[in-house]
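# Architecture at a glance
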Amino acid sequence: KQWYQRRVRDTNYFIQSNLSPGYVFHKMTFYKTLLEDVIHQIKPHHFVENVLRVNGNRLSVGDRSYDLNNNVSVIGFGKATLGMFTPVKRILGSHVTRAFLSVPHTTPDHMVERLACPGTCIVRAAQHNLPDDNAVNFTRTIVEHARTLNKEDLCLCLISGGGSALLCDPVVPLRDLLATIQLMVSHSATIQQLNVLRSYMSRVKGGGLAQIVSPAPLLSLIISDVIGDPLHAIASGPTVPNQISATDVMEVLSSIQLETSSLPSTVKHLLKSNHSINTLSALNSQPFNKIVASNQIAMEVAAGEVEKAGYKPYILTNALSGDAAQVGKDLVAALTEYPTHTEPWLLKIREILDVGVQGKICFILGGETTVRIKGEGVGGRCQEMALAAVKPLSMLGKRNLSPGCKGGVPPACKGGVSPGCSVTLVVTSTDGQDGPTDASGAIVKEETADQAVDQGLDPDHYLLNNDSYTFFSKLNGGANLLKSGVTGTNLMDIVFIFVESSENFKLDYLFSQN
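Attention in this report is confined to the structure presented alongside it. What you see is a predicted model, and the numbers here were worked out from it, not measured in a lab.

## So, the overall build of the chain
The number of helices and strands found in the chain is 20 helices and 17 strands. With 514 residues in all, the chain has 56% of them scored as buried. Counted over contacts in the chain with a minimum sequence separation of 6, partners at least 24 positions apart contribute 78%. As displayed, the chain offers around 21000 Å² of accessible surface, 50% of which is attributable to carbon and sulfur atoms.

See the structure below:
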């Protein structure tokens, strides 16, 4: 019903405004509507209810089964926690006796109130996606409860992106941990590198929670927000036995050229003491970790929606990484020339264009980039990538390349995207939060650069200052920004590159589903 009402709203706007389809969709309605449908289909409850099976007093997940006897304690932490808990509560019912749910600071009241009930404790923490006192104190409450569990109980963990900040009990003062994380971020540390440090300095990460819960059976349902879905890296692997030494941390610091002399004194002392964690042994029962959703699944859902809209989708990679600005430039460059880099996804774009494609196409990429901090502006990796693509995209219509793609449906975009083709880059985070902003991403087209110039905006200036949010807020009154709001999930980022004739916008998508 909500889907239908949204499309009626969009269509009424089209009719009442007496606008051409091209104008409406150039104003981003089409892309935003498509993204709404993708986000709806990757909500956490879909994935959790697909794996939980209850038969009498037995719970089955995959090839594992567990006794149910009003003995389930739920521990959840991450951006998708509440969405994951909803089907758990419905399916397991009274078998769930206690639930401890650590959720992001930005979680709306109505989402919390909907699940509030006796035995369920929900705490909002981790403002700006960083550990805070609320997160630390609630983690210690969780640990206190976990220590009371025995082999007759079942501990069900619900883990998703953002969980590393929400489940936090550091062995150094929190302020020193935060200072170290900030130093690493300023040196473009990846999420994997950050998680090595987080695990090393934590009592609960790197398998620490699994060790505390033992001897109770431990079942973890996981929504991955890490490239390649490595269990030990998702939320820093609290239920995954691991071994991390000071040497591992030192190697990470060396790789990002961060001198130990700049670290807080407590962190330096910890590294010199040869402190290490080892949760590979001393477990009375092996935890079962089940990934229920990932970025690959999100891209497959996106491809289905793109296809319903009349495009031929090409999923290129689920491992998009690196500097966001450089990736944005590389994406556009690959449409017109052979890339100088050898990333498989760049080469794949060229292979597809060289063979030639019929009709409308859409390249889809997933992963998570990083922002190399140079300025003092406000933005996020998705907006940064989109901003870096603004000027390169403006050159597409000014190049005299192959003769395909002129007028109507492009008969054969062969050898590269040519004049007459419309290219749109859509970059979005699936959690609805791109950096410390209220935007999830941005949309750019060939004309975006000219629009910026007309409005007195210099894309290079804002890019140099890492100020992508300010740029897109000023451009066209903010129309190019994506603002989905908090989505309640986190499957990393998705990038769409739509290629089509500039005269080929249609209303078909509004009524292509039932």
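Let us keep going from here.
## So, unusual backbone geometry
Most of the time, phi is negative for any residue but glycine, and the peptide bond is trans. A cis amide bond, omega 20°, links Ser214 with the succeeding residue Pro215. Summarising the element assignment, Pro215 is placed in the loop between helix H11 (208-213) and strand S8 (218-223). Located in the positive-phi region is His128, a residue other than glycine, with phi close to 60°. Tracing the backbone through its elements, the reader meets His128 in the loop between strand S6 (120-125) and helix H7 (133-146). Exposure remark for His128: the relative accessible area of 64% places this residue in the exposed category. The backbone phi angle of Gln257 is positive, close to 60°, even though this residue is not glycine. In this structure, Gln257 sits in the loop between helix H12 (246-255) and helix H13 (265-272).

## A few points about the nonpolar core
By size, the foremost hydrophobic cluster in this structure holds 58 residues, and its most contacted members are Val74, Val88, Leu221 and Phe496. Ignoring sequence-local partners within four residues, the contact set of Val74 consists of Phe85, Val88, Val96, Arg98, Ala99, Phe100, Leu101, Leu156 and Leu158. In this structure, Val327, Val427, Ala449 and Leu475 belong to the second largest nonpolar core, which totals 47 residues.

## A closer look at H7
Across its 14 residues, H7 extends 20 Å between first and last C-alpha, which sits within 8% of the 20 Å expected from 1.5 Å per residue. Among all positions in H7, only Ala135, Val136, Phe138, Thr139, Ile142, Val143, His145 and Ala146 are buried. Where H7 is buried, its residues touch strand S4 (72-77), strand S5 (96-104), S6, helix H8 (163-166), helix H9 (174-186) and H11.

## Describing the packing of aromatic side chains
This model, assessed by the stated rule, comprises 10 aromatic pairs. Look at Phe30 and Tyr31: their rings are 5.1 Å apart centre to centre, the planes differ by 75°, and that puts the pair in the edge-to-face class. Centroid distance Phe30 to Phe498: 6.1 Å. Interplanar angle 70°. Geometry classified as edge-to-face. Taken together, the residues span a long stretch of sequence, with Phe30 in helix H3 (residues 29-41) and Phe498 in strand S17 (residues 493-501) at a distance of 468 residues. No difference in accessibility class separates Phe30 from Phe498, as the two residues are buried. Note that Lys360 overlies the ring of Tyr311, its terminal NZ or CZ placed 4.6 Å from the centroid.

## Section: the side chain of Lys205
Following the sequence through the fold, Lys205 ends up in the loop between helix H10 (191-200) and H11. Buried and without a salt bridge, Lys205 has Asp169 as its closest oppositely charged side chain, separated by 9.6 Å. Within the local environment of Lys205, its side chain forms a polar contact with the backbone oxygen of Ser164, the two atoms lying 2.5 Å apart. Excluding its chain neighbours within four sequence positions, the residues that come into contact with Lys205 are Ser164, Leu167, Cys168, Arg198, Ser199, Ser236, Gly237, Pro238 and Ile277.

## A word on the pattern of salt bridges
Here the structure, examined in full by the defined rule, presents 11 salt bridges. Glu49 is the partner of Arg90 in a salt bridge, and the nearest nitrogen-oxygen pair spans 2.8 Å. You can see Arg90 sitting in helix H5 (residues 81-92) and its partner Glu49 sitting in helix H4 (residues 44-51), a full 41 residues away along the chain. Glu305 serves as the salt-bridge partner of Lys308, at 3.3 Å between the closest nitrogen and oxygen. Of this pair, Lys308 and Glu305 are both found in helix H14 (residues 295-308), 3 residues apart, which corresponds to roughly one turn of the helix. Here Lys308 falls in the partly exposed class, since its relative accessible area comes to 43%. Assessed through its relative accessible area of 1%, Glu305 is described here as buried. Three or more residues are tied together by salt bridges with common partners; here these are Arg140, Asp169 and Arg203.

## Quick notes on the pairing of S5
Extensive coverage of S5 is indicated by the burial of 7 of its 9 residues. Bridge count between S4 and S5: 6 bridges; the pairing is parallel. The partner of Val74 across the bridge, within S5, is Ala99. Chirality of the crossover, the property in question, places the unit of S4, H5 and S5 among those that are right-handed. On the question of chirality, the crossover connecting S5 to the parallel S6 by way of helix H6 (residues 109-115) is right-handed.

So, how was this worked out
- Residues numbered from 1 in each chain as written.
- Predicted model: local features only at pLDDT ≥ 70, side-chain atom pairs only at ≥ 80, totals over all residues.
- Heavy atoms only, no water.
- Helix = DSSP H or I, 4+ residues; strand = E, 2+ residues; numbered from the N terminus.
- Buried < 20%, exposed > 50% of the residue type's maximum accessible area, 1.4 Å probe, protein only.
- Contact = heavy atoms within 4.5 Å.
- Areas by Shrake-Rupley, 256 points an atom, 1.4 Å probe, with all protein chains shown as cover.
- Core = buried A, V, L, I, M, F, W, Y, C linked by side-chain atoms within 4.5 Å.
- Expected span 1.5 Å × (residues − 1).
- Phe/Tyr/Trp six-rings, centres within 6.5 Å; stacked < 30°, edge-to-face > 60°.
- Lys NZ or Arg CZ within 6 Å of the ring centre and 35° of its normal.
- Lys, Arg positive; Asp, Glu negative; His and termini not counted.
- Salt bridge = Lys/Arg side-chain N within 4 Å of Asp/Glu carboxyl O.
- Polar contact = N/O pair within 3.5 Å; in protein donor to acceptor, adjacent residues only side chain to side chain.
- Pairing = 2+ DSSP bridges.
- Right-handed = clockwise from strand over helix to strand, strands pointing away.

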